[in-house]
Amino acid sequence: PGYTAEAGTLDEFADIIYPDMLRQFPQNELKEKFIFENLIESGRLSAFIIKDGRQNAGYISYLKTGDFIWLDYLAIFKEFHSRGLGAAALFELKENMSRTQSAKGCFLEVEKEDLELPDTIRRVKFYNRAGAFRLPCDYLYPNRTYALEMDLFYLPFLLDKPAKEQVQKTVRDIFSVLHADLPHAGQVYSEIVFRDSF
């Protein structure tokens, strides 16, 4: 047995990935199922099933935009936690995308740490251990009700730290793809504060 990732089909998304998303992620962080399916079918979103040997153990989805990767979701099924599969998936993404696509780094949205929600602390520690760090901005994640305050992290591949302009452009490009169904996405983007200390 060992870690592998296989491209997910729409059926696998419907039967395996989305039901787990409903279990592991807050409702206000999820898009409608048909939006995910449209993004995968159009080729804009890449989704992979993470396997431990022959068993489905989790999933990862991301977009390539310009010189960067945008990590949309990464989750390991609860029964496979603490086996290093999430770290292996991130490492493989970094190795593969920097080598084959010359991707400079990876952006990811992370829930703000909340002492009353231990999973939020665990996630931040996980991404920090992988080498990701919080970017200096007041980030907002557009959702159906309007927006959520989150943190925007960066995982270096070939570029240690992105310039402020690179971050702004990447977020703007991602909003136009991932949140195209939300009429207020442009307004949410305009409210994000990108600090000068990049």
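Look a little higher up for the structure.
Chemist: What's the story with the packing of aromatic side chains in this structure? I'm lost.
Modeler: Think of a pair of aromatic rings as described by two things: how far the centres are apart, and how the planes are tilted against each other in angle. Applying the stated criterion across every chain, the model contains 16 aromatic pairs. On the numbers, 6.2 Å between centres and 70° between planes, the contact of phenylalanine 68 with tyrosine 154 is edge-to-face. With phenylalanine 68 in strand E4 (residues 68–76) and tyrosine 154 in strand E8 (residues 147–156), this residue pair connects regions lying 86 residues apart in the sequence. Tyrosine 154 shares its class with phenylalanine 68; the two are buried.

Chemist: What should I look at first to understand the packing of helix H1 (residues 10–24) against helix H2 (residues 33–41) in this one?
Modeler: When two helices pack together, their arrangement is given by the angle between the helix axes and by the axis-to-axis distance. Running from amino to carboxyl end, H1 crosses H2 at an angle of 135°, the nearest separation of the two axes being 11 Å. Judged by the angle between their axes, H1 and H2 are oblique. Once H1 is placed against H2, the crossing between them reads as right-handed. Together, Leu10, Phe13, Ala14, Tyr18 and Met21 of H1 and Lys33, Phe36, Glu37, Ile40 and Glu41 of H2 make up the contact between the two elements.

Chemist: What am I meant to see in the pattern of salt bridges here?
Modeler: Two side chains with opposite charge may pair up if their charged atoms get near one another. Per the stated rule, a full pass over the model turns up 12 salt bridges. The salt bridge partner of arginine 134 is aspartate 151, with a shortest N-O separation of 2.8 Å. A residue pair is termed long-range when its members are at least 10 positions apart, and arginine 134 in strand E6 (residues 133–134) and aspartate 151 in strand E8 qualify at 17 residues. Classification of aspartate 151 by relative accessible area gives buried; the value is 9%. As a salt-bridge pair, aspartate 138 and arginine 195 come within 2.4 Å of each other at their nearest N and O atoms. Separated by 57 residues along the polypeptide, aspartate 138 in strand E7 (residues 137–142) and arginine 195 in the segment after strand E9 (193–194) bring together distant segments of the chain. Since its relative accessible area comes to 34%, aspartate 138 is described here as partly exposed. Given a relative accessible area of 37%, arginine 195 falls into the partly exposed group. The structure contains a network of salt bridges with shared partners spanning Lys112, Arg134 and Asp151.

Chemist: Please clarify how the nonpolar core should be interpreted in this entry.
Modeler: Considering soluble globular proteins, one finds that nonpolar side chains tend to be buried as a cluster. Among the nonpolar cores identified, the biggest contains 65 residues, and Met21, Leu71, Leu74, Tyr127, Tyr139, Leu152 and Val171 are the most heavily contacted of them. Setting aside anything within four residues of it in sequence, one finds methionine 21 in contact with Phe13, Leu30, Phe36, Tyr59 and Tyr73.

Chemist: What's the story with helix H3 (residues 85–100) in this structure? I'm lost.
Modeler: Here H3 spans 22 Å end to end across 16 residues, near enough to the 22 Å set by a 1.5 Å rise per residue. Within H3 the residues assigned to the buried category are Leu85, Gly86, Ala89, Leu90, Leu93, Met97 and Ser98. Note on H3: the residue one or two positions beyond its end, serine 102, has a positive phi of about 55°.

How each quantity is defined
- Residues numbered from 1 in each chain as written.
- Predicted model: local features only at pLDDT ≥ 70, side-chain atom pairs only at ≥ 80, totals over all residues.
- Heavy atoms only, no water.
- Phe/Tyr/Trp six-rings, centres within 6.5 Å; stacked < 30°, edge-to-face > 60°.
- Helix = DSSP H or I, 4+ residues; strand = E, 2+ residues; numbered from the N terminus.
- Buried < 20%, exposed > 50% of the residue type's maximum accessible area, 1.4 Å probe, protein only.
- Axes fitted to C-alpha atoms, helices over the stretch in contact; angles between N-to-C directions.
- Parallel < 35°, antiparallel > 145°, perpendicular 65-115°, else oblique.
- Left-handed = near helix turned anticlockwise from the far one by under 90°.
- Contact = heavy atoms within 4.5 Å.
- Salt bridge = Lys/Arg side-chain N within 4 Å of Asp/Glu carboxyl O.
- Core = buried A, V, L, I, M, F, W, Y, C linked by side-chain atoms within 4.5 Å.
- Expected span 1.5 Å × (residues − 1).

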